[in-house]
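# Fold and geometry: a report
Below, each chain spelled out in residue letters.
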Amino acid sequence: MSAEPLLRVDGLTKHFPVRGGPLRRVVGHVRALDGVSFDVAPGETFGLAGESGSGKSTLARIVVGLETASGGRVRVGDVDDVRGGDRRAFGRVVQMVFQNPGSSLNPRRSIQATLELPLAIHGTFQGPIRARAAELLEMVELPRSFLGKHSHELSGGQKQRVAIARALAVQPQLLVLDEPTSALDVSVQAKVIELLQKLRDELSLTYLFISHDLSLMHAFCDRVGVLYLGQLAELGRADAVFRAPRHPYTRGLIASVPVVGEEEVALKAGLERITGEIPSAANVPSGCRFHTRCPAAEERCRHEDPEFTGDPSEQAVRCHVHSIV
Amino acid sequence: MSAPALVAHAEERAARRTAWRRLWYRLRRNPSALAGSAIVLVVVALALLAPWVATHPQDAGNVVNFRARHLPPSAEHWFGTDQVGRDVFSRVVFGYRISLLLVVGVLGLSVPFGVVLGLLAGYLGGWVETLIMRVTDVFLAIPALVMALAITAALTPNLTNAMIALAVLWWTWHTRLVYGIVRSLRGEEYVEAARLLGARTAHVIFRELLPNCVSAISVKVTLDAGFVILIGAGLSFLGLGAQPPAPDLGTMVSTGSRYLPDMWWQSVFPGLAILFAILGFNLLGDGLRDLFDVEVA
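Described below are features of the structure shown in this document.

For chain A, the count of helices and strands is 11 helices and 11 strands. Classification of the 325 residues of chain A by burial places 53% in the buried group. Relative to all contacts within chain A whose residues are 6 or more apart in sequence, the contacts with residues 24 or more apart total 63%. For chain A, the exposed surface amounts to about 13900 Å²; the carbon and sulfur share of it is 48%. Side-chain charges of chain A comprise 38 positive and 38 negative groups, with the mean position of each set lying 7 Å from the other.

Bringing the sheet that holds strand 8 (residues 223-228) of chain A into the picture now. Residue and element names in this part refer to chain A. The strand order across the open sheet formed by eight strands is 5-6-7-3-8-9-11-10, and the pairing between neighbours is mixed. Whereas interior strands pair on both sides, the edge strands pair on one side only; in this sheet they are strand 5 (94-97) and strand 10 (309-311). For this sheet, the mean inter-axis angle between neighbouring strands, taken without regard to orientation, is 15°. Judged from the three bridges that link them, strand 10 and strand 11 (residues 315-317) form a sheet pairing that is antiparallel. Across the sheet, D311 pairs through a bridge with Q315, a residue of strand 11. Its contacts with the sheet place helix 10 (residues 248-255) against strand 8 and strand 9 (231-237), and it is angled at close to 100° to strand 8.

Next up on the list: the packing of aromatic side chains. Tallied over the entire structure, the rule returns 13 aromatic pairs over all chains. Judged by centre distance (5.2 Å) and plane angle (90°), the rings of F79 of chain B and F89 of chain B are edge-to-face. Taken together, the positions of F79 of chain B in the loop between helix 3 (50-53) and helix 4 (88-124) and F89 of chain B in helix 4 put the pair 10 residues apart, joining distant regions of the chain. Residue classification places F89 of chain B among the buried residues on the basis of a relative accessible area of 11%. Cluster of aromatic residues (ring-pair linked, three or more members): W78, F79, F89, W264, W265 and F269 of chain B. Its guanidinium or amino end placed over the ring of F146 of chain A, K149 of chain A lies 5.4 Å from that ring's centre, counting from NZ or CZ.

Okay, the packing of helix 10 (residues 214-237) of chain B against helix 11 (residues 249-257) of chain B next. Residue and element names in this part refer to chain B. Where helix 10 contacts helix 11, the two axes come as close as 7 Å, and the packing angle between them is 45°. Between helix 10 and helix 11, the angle is such that the two are oblique. Read as a crossing pair, helix 10 and helix 11 show a hand that is right-handed. For the pair helix 10 and helix 11, contact is made by A233, S236 and F237 and by G250, T251, V253 and S254, respectively. A breakdown of the residues in the contact of helix 10 with helix 11 according to their chemical character gives three nonpolar, four polar and no charged.

To continue, consider the sheet that holds strand 4 (residues 71-76) of chain A. Residues and elements named next belong to chain A. Strand order in the open sheet formed by three strands is 2-1-4, with antiparallel pairing between adjacent strands. Lying at the two open borders of the sheet, with one neighbouring strand each, are strand 2 (25-40) and strand 4. Across the sheet, the mean angle separating the axes of adjacent strands is 30° when strand polarity is ignored. Bridge count for strand 1 (residues 7-20) against strand 2 is 12 bridges, and the pairing is antiparallel. What sits directly across from F16, in strand 2, is V30.

Basis of the calculations
Residues numbered from 1 in each chain as written. Chains lettered and ligands numbered in written order. Predicted model: local features only at pLDDT ≥ 70, side-chain atom pairs only at ≥ 80, totals over all residues. Heavy atoms only, no water. Helix = DSSP H or I, 4+ residues; strand = E, 2+ residues; numbered from the N terminus. Buried < 20%, exposed > 50% of the residue type's maximum accessible area, 1.4 Å probe, protein only. Contact = heavy atoms within 4.5 Å. Areas by Shrake-Rupley, 256 points an atom, 1.4 Å probe, with all protein chains shown as cover. Lys, Arg positive; Asp, Glu negative; His and termini not counted. Charge placed at Lys NZ, Arg CZ, Asp CG, Glu CD. Pairing = 2+ DSSP bridges. Axes fitted to C-alpha atoms, helices over the stretch in contact; angles between N-to-C directions. Phe/Tyr/Trp six-rings, centres within 6.5 Å; stacked < 30°, edge-to-face > 60°. Lys NZ or Arg CZ within 6 Å of the ring centre and 35° of its normal. Parallel < 35°, antiparallel > 145°, perpendicular 65-115°, else oblique. Left-handed = near helix turned anticlockwise from the far one by under 90°. Nonpolar A, V, L, I, M, F, W, Y, C, P; charged D, E, K, R; others polar.

Rendered as structure tokens:
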């Protein structure tokens, strides 16, 4: 990658202590994230895929500063560490759209109050704030009459549009989308994705898109990373990863995509499904973390943790068997 | 105003009208809320309009009319007269003033204090939470009436001290209530979104969280009003509340009980007046609880 990355995640680790016993002593750690590294270039849409429990939401929360990392670094724009820094200035670089439209808007506050909050706090917008709030609504293709409404009068898709407008009110460069459409009907989902694509082009936004929906990711993202038990299993251009997945986990995930069209059928040809449940992050398997479920596992996979091979801007994989030489 | 802005304004007004109409519709279908609000309205109106409603307003004070003492209820004295010839009905009406004054005083002092502590403990967590909630637990362990007895006995027994004595304990219930709500709301995404946008803690607490506690608090306050009246009457029955000759309902029951059963009206009517007011606040509180659909311990 030639340009300076907008988001650089370097060896990111997050361990949650597990307490037990009568004295509530730390008896172990949940390793939600264990050395995750990737870059996102300005204007790029980076997708992060994984099952629930893989750590993808934790990563999103660390990137925006809602949680602190146990180790490693996250650099957004030219801010190295949110703590101790200017929370508001940081907010003008990165914002987040949450997963659950039902709880992302305050039921007691009008849409107008919701949208005017960021404008009032940051004071970056010169001119009447109410007019700007109406403009933001138009940007997400909602009528300005919605200003007077409350969240219970809105559908899930409309709420999510308001949440996008609120995030964009401070004109951030990076938008973290934590499963923004997973709670929506499929038809509504498509419209929200279309809107996100339009906004990306018009405002030259950078997205960190977190989802478990691989077909959506294939269509929406430039590059993707596949997260398994707090580590990246595979990383690369969306097209390369989906056309020719190398890691058995990626292959298994793609094999599990419910088939709708010919495109998915083609993607799934010759891939074997994975079985079983994701192991607990409190008790991570030795060696390669995937060996307990891997159809191609060999003896060394049990003991040796594989290294990444390949070029992350094209395709890189963390697997002994399917390494890129 | 521009045309679209006018349209938006009109729509907003229409929406607000619909909301009121919906509230009125649900209120109509909720007989206990309706009965409760009617009773509370009557009690408040009697208290406010006491000098005009009372048939013998001068009897509220230190008046003695021995010629008219111990008269049974009649057209002239609806609830009869007391041991110094004062009109019991007029004194009951003025008695509501004292009861409601106590309610406003106790809740006005304790509720804002308790609510703010609950908001802080629930949102900030950590040592602030531990400190506030442990102190709350200690205060909760003291029975309200016992504490009030101790304080009013140590200080001069009068209405103001009764008010202070009750307020000193009353805030704990609101702290607990609000703390519970805020704990469950703290992780809501709109709270996190506000933080990401750089909102100050004061904004999150008072503009995002507090509005979501208001319905539960108002139910609790309504139910509390009945309890405050009851405990206040209990204190003055024991001679620790408002002092004679102030027309206090509890004092009237206490004094009147000396002339039971022959002059029953001197204690029964003030007692019924206490019952009526408490019934009203409790019915209204229960009705509001259904209406707002909130859990209040």
